[in-house]
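# Close look at the chain arrangement
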Amino acid sequence: MNEKIVNLLAQMTIEEKIGQLIQVTGDFFQDGRSEITGPLGQNNQLSDELKYTIGSVLGTSGADDVSEIQKNYLARSRLKIPLLFMADIIHGYKTIFPIPLGLAATFDPEMMRTAAQVSAAEAAAGGVKVTFAPMTDLVRDPRWGRVMESTGEDPHLNAVMAAAAVKGFQGELPIDATHIAATVKHFAGYGAPEGGREYNTVDISEWRFRDQYLGAYQAAIAAQAKLVMTSFNTLFGVPATGNHYLMQTILRGELKFNGVLISDWNAIAELLAHGTAQDIESAAKKALAAGVDIDMMAFAYAGLLAKVDQLSDDILALIDLAVQRVLNLKDELGLFDDPYIGISKEKEGEPSITFAHEQQALKAAEASVVLVKNAKRTLPIQATQRVFLTGPTANTGDLLGSWSWQGDVSQTETLCHQLNRHVDYLSYLPGVAYHEDISTDWAAIKQHVASADVVVVALGLPSSESGEATSLSNPALPSQQVAFLKKIQALGKPIVTVVVTGRPLILSTVAQLSDALLISFFPGTKGAEALTNILLGKTEPTGRLPMTCPQNVGQIPLYYNDYNTGRPNQTTDGSGENRYMSKYLDVSNAPLFPFGFGLGYADIAIKQAKLVQTTFSVDDDIAVEVTLSNDAEIAGTTVLQCYTHQQVGETVRPRKELKWFKRLEVDAKQQRQVTICVPVNTLTNVHSDLTTHVDPGTYDIMVGLDSEHLHRLTCEIQPGKEHSDADN
Ligand code: BGC
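This one's a predicted model, so the numbers in the text were calculated from it and none came from an experiment. (Residues numbered from 1 in each chain as written. Predicted model: local features only at pLDDT ≥ 70, side-chain atom pairs only at ≥ 80, totals over all residues. Heavy atoms only, no water.)

Assigned secondary structure in the protein chain consists of 21 helices and 26 strands. In terms of overall dimensions, the protein chain is globule-like: its C-alpha atoms have a radius of gyration of 26 Å, near the 27 Å expected for 728 residues. Taking the principal axes of its C-alpha atoms as reference, the protein chain extends roughly 80 × 70 × 45 Å. Per-residue burial for the protein chain yields a buried fraction of 60% across its 728 residues. (Helix = DSSP H or I, 4+ residues; strand = E, 2+ residues; numbered from the N terminus. Rg over C-alpha atoms; globule rule 2.2 N^0.38 Å. Buried < 20%, exposed > 50% of the residue type's maximum accessible area, 1.4 Å probe, protein only.)

Encoded structure:
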């Protein structure tokens, strides 16, 4: 702890200390101007004594508002400790990038880093110093609406993307005026609620938690994220926010996290509803003991103020520790030297800066769109073709997705507007709304279809139907949209369907009815332009699915990296003699579209894949030489992927695990050699005693352009020193 903080702490009263641990919305300082994301159990009145000791504010941004609150606060606060402003800057502040699931679909960590860095620069100018991102929760259930904020079902992709986001938000340390501190959330397991129902029980064994879930949080913490947020859910039977083992043993002990741990919204008070605390006072004490430094909007720590004389030495010591961490963060962010650091009204809205940021957002949006079907090369559309455009996402700016902060839907360009600028002939009729058939004049629609060469049907869900508290029991397009598509398809013209969504949807019928199908995870400010460029072949779709698309709702959770079972299903459908296998009678185990899948406009394939050597020791890298070919007349981009599988382990192993991926361009009519490199020390697995090792033995090394179609090679890992004793 530095001297400044030691001195400050020595001057603080217990009331001032507890104040630093309380976070409220900006509403408490300035009515009605902040973003409210959770239940408001309290009316927004605070006594002046408490108000001017409070440590941080959430949900307020904007150079003017932040400066005004800070100025008034400092004028009234005894020790002049600046307020710290935090907000959910998830995929952009003013310039909105694709939602995190879309950024994951780019399979490009550099893109994620750029998105975070641009978001940080804009938010910092608007006075925000901490973002509640990245969300690094592993998600395998598209019924959970918050999947939009995740990077999907794979531990490796999650880990790489989480680390990239932290680096983008924070920049080089110490964090400068144009960057902001990152918060890894939600620790831990928030992405696995039972049945996909928001805020529901999470029950993952500790073995599985360590094997699959912990890695991404760990990667983000290793990238030096300054904060961690607790999750709402229980883990190992205890709500995370009061879970001493999770926070003290795993987070602070094993992961060596020594930054600020903040509760999620009202999560300390929710220990009462969970039934693991008798009253608000014991909830506060449990959270403090677990190491939670900041109480977001629960007033549980504030409740301790009524009994300051009765607080034990242990509790007082915990409070001191929490205050130190909060003050440390303020110091690291430069707030003691300049409470207004980074705030810039000019930079907040400067057009040339915004233009540059939008170009980055365009690139990201283009790289995030996934083409999953392209029969008869329906795409790209020629600008000379006559296009009829219809559907609920055709003429709306609702392309930003949840958490789009200062992004303005009313100012966001629509697909209709963009397409109209670039094709010779476009006609448009809405046809169907999100949940309602509005094709009252069917004769007119028929006429438009008849005079078109191709029909673009833009379907999807509004952004209000993904994000927090938007679980769906059936993640599919509303029946009205599917019925409308069926009617259009019956008219016999080539159909290009675009689906704008915050989550993987069940698209079995939609895929059958469409000649070409594009999935766009809310693409952001430049989404319409990106989709237009892709539809017209100005750029190729290069996104790959960061989550499996199931055939039907009953298959959920369906993910590519499931564990071996004793009765693996070999048949490709539910029927057949092989009845006593792990399968359904009414649907195969196969996904509609697998993880890692996506098509482009070129014709890229793997010609050959070979291991440079077949025996390795623990310190080696496994090198695979791959030859890619492109038979098309145009250059193209693909995502080369490498998966591994440990043939025999003490515990069961996933059938495949992504360990390496890279976006690669291949020139027209050319071949390209690439060397994949998988460090042997990444082949770890968790044993039944919860220790993590790389085991010696035989491993499959699988190379492909998605998770299903793979070239399989095998290699041997020789025992390392730590194994020779244990194994004998
Ligand atoms: C969410 C968090 C978010 C917080 C503050 C909560 O409801 O779960 O992810 O950071 O609100 O807005």
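What follows deals with the sheet that holds strand β11 (residues 370–374). Read from one edge to the other, the open sheet built from six strands follows the order β11-β16-β15-β14-β12-β13, with strand pairing classed as mixed. A single partner strand is all that each edge strand has here, and the edge strands are β11 and β13 (425–429). Each strand of the sheet is rotated relative to its neighbour by a mean of 20 degrees, with strand direction disregarded. Taken together, the five bridges between strand β12 (residues 386–390) and β13 define a ladder with parallel strand orientation. In the strand pairing of β13, Thr390 is matched with Leu429. Relative to strand β14 (residues 454–460), helix α18 (residues 479–489) is tilted by about 175 degrees, and along the sheet it contacts β12, β14 and β15 (495–501). (Pairing = 2+ DSSP bridges. Axes fitted to C-alpha atoms, helices over the stretch in contact; angles between N-to-C directions. Contact = heavy atoms within 4.5 Å.)

Alternating positions in strand β6 (residues 227–230) separate into two faces, Leu227 and Met229 on one and Val228 and Thr230 on the other, with burial throughout. Here strand β5 (residues 183–187) runs beside β6; their pairing, made up of three bridges, is parallel. Bridged to Phe187 within β6 is Thr230. Handedness of the crossover joining β5 and β6 through helix α8 (residues 206–222): right-handed. Pairing of β6 with strand β9 (residues 260–262), which is carried by three bridges, proceeds in the parallel orientation. Across the sheet, Val228 pairs through a bridge with Leu261, a residue of β9. (Right-handed = clockwise from strand over helix to strand, strands pointing away.)

This brings us to the sheet that holds strand β1 (residues 22–25). Taken together, the five strands give an open sheet; going across it, the order is β4-β3-β2-β1-β10, and neighbouring strands pair in parallel fashion. Every interior strand has two partners, whereas the edge strands, β4 (130–131) and β10 (295–296), have only one. By the bridge criterion, three bridges tie strand β2 (residues 56–58) to strand β3 (residues 84–87) in an arrangement that is parallel. Bridging across to β3, Val57 finds its partner in Phe85.

Cis peptide bonds are those with omega within 30 degrees of zero, and the linkage from Leu173 to Pro174 qualifies with -5 degrees. If you trace the backbone, Pro174 turns up in the loop between α7 (155–170) and β5. If you check the backbone angles, Tyr199 has positive phi at about 65 degrees while not being a glycine. With respect to the helices and strands, the residue Tyr199 is situated in the loop between β5 and α8.

This part is about the environment of Thr131. As for its position among the elements, Thr131 is in strand β4. Accessibility expressed as a relative area gives 0% for Thr131, which makes it buried. Put simply, Thr131 and Met86 are 45 residues apart on the chain and 5.7 Å apart in space, counted from C-alpha to C-alpha. If we ignore the near neighbours within four places in the chain, the residues touching Thr131 are Ala87, Asp88, Ile89, Phe169, Ile180, Ala181, Ala182 and Thr183. Among the polar contacts listed, one links the side chain of Thr131 to the backbone oxygen of Ala87, at a separation of 3.5 Å. (Polar contact = N/O pair within 3.5 Å; in protein donor to acceptor, adjacent residues only side chain to side chain.)

Here the focus is the side chain of Ser61. For Ser61, the position within the fold is in the loop between β2 and α4 (63–76). Reaching out from Ser61, the side chain makes a polar contact with the side chain of Tyr93 at a distance of 3.5 Å. In this structure the side chain of Ser61 is engaged in a polar contact, spanning 3.1 Å, whose partner is the side chain of Trp405. Dropping the residues within four chain positions of it, Ser61 is found in contact with Val66, Tyr93, Gly126, Val128, Trp405 and Gln406.

Time to look at the confidence of the model for the protein chain. Residues of the protein chain with pLDDT of at least 70 account for 96%, and the chain-wide mean is 95. Confidence drops under a pLDDT of 50 for residues 724–728, and excluding neighbours within four residues, the segment shows one contact in the predicted structure. (pLDDT = per-residue confidence, 0-100.)

Counted under the stated rule, the structure contains 27 salt bridges. Note that Glu625 is salt-bridged to Lys610, the shortest N-O span being 3.6 Å. Highlighted residues: Glu625 in strand β19 (residues 621–630) and Lys610 in strand β17 (residues 604–611), separated in sequence by 15 residues. Judged by its relative accessible area of 42%, Lys610 falls in the partly exposed class. Here the salt bridges do not stand alone but share partners, grouping Asp88, Arg146, Glu149, Lys185 and Glu468 into one network. (Salt bridge = Lys/Arg side-chain N within 4 Å of Asp/Glu carboxyl O.)

By size, the foremost hydrophobic cluster in this structure holds 200 residues, and its most contacted members are Phe187, Phe209, Tyr301 and Leu535. Core analysis: the second largest hydrophobic core is formed by 29 residues, Ile606, Ile622, Leu628 and Leu640 among them. (Core = buried A, V, L, I, M, F, W, Y, C linked by side-chain atoms within 4.5 Å.)

Moving on, we get to the pairing of strand β25 (residues 697–704). Most of β25 sits out of view: six of its eight residues are buried. Pairing of strand β20 (residues 636–646) with β25 involves six bridges; the strand directions are antiparallel. When the bridges of β25 are listed, His645 appears paired with Asp700. Between the antiparallel neighbours β25 and strand β26 (residues 710–717) lie five residues.

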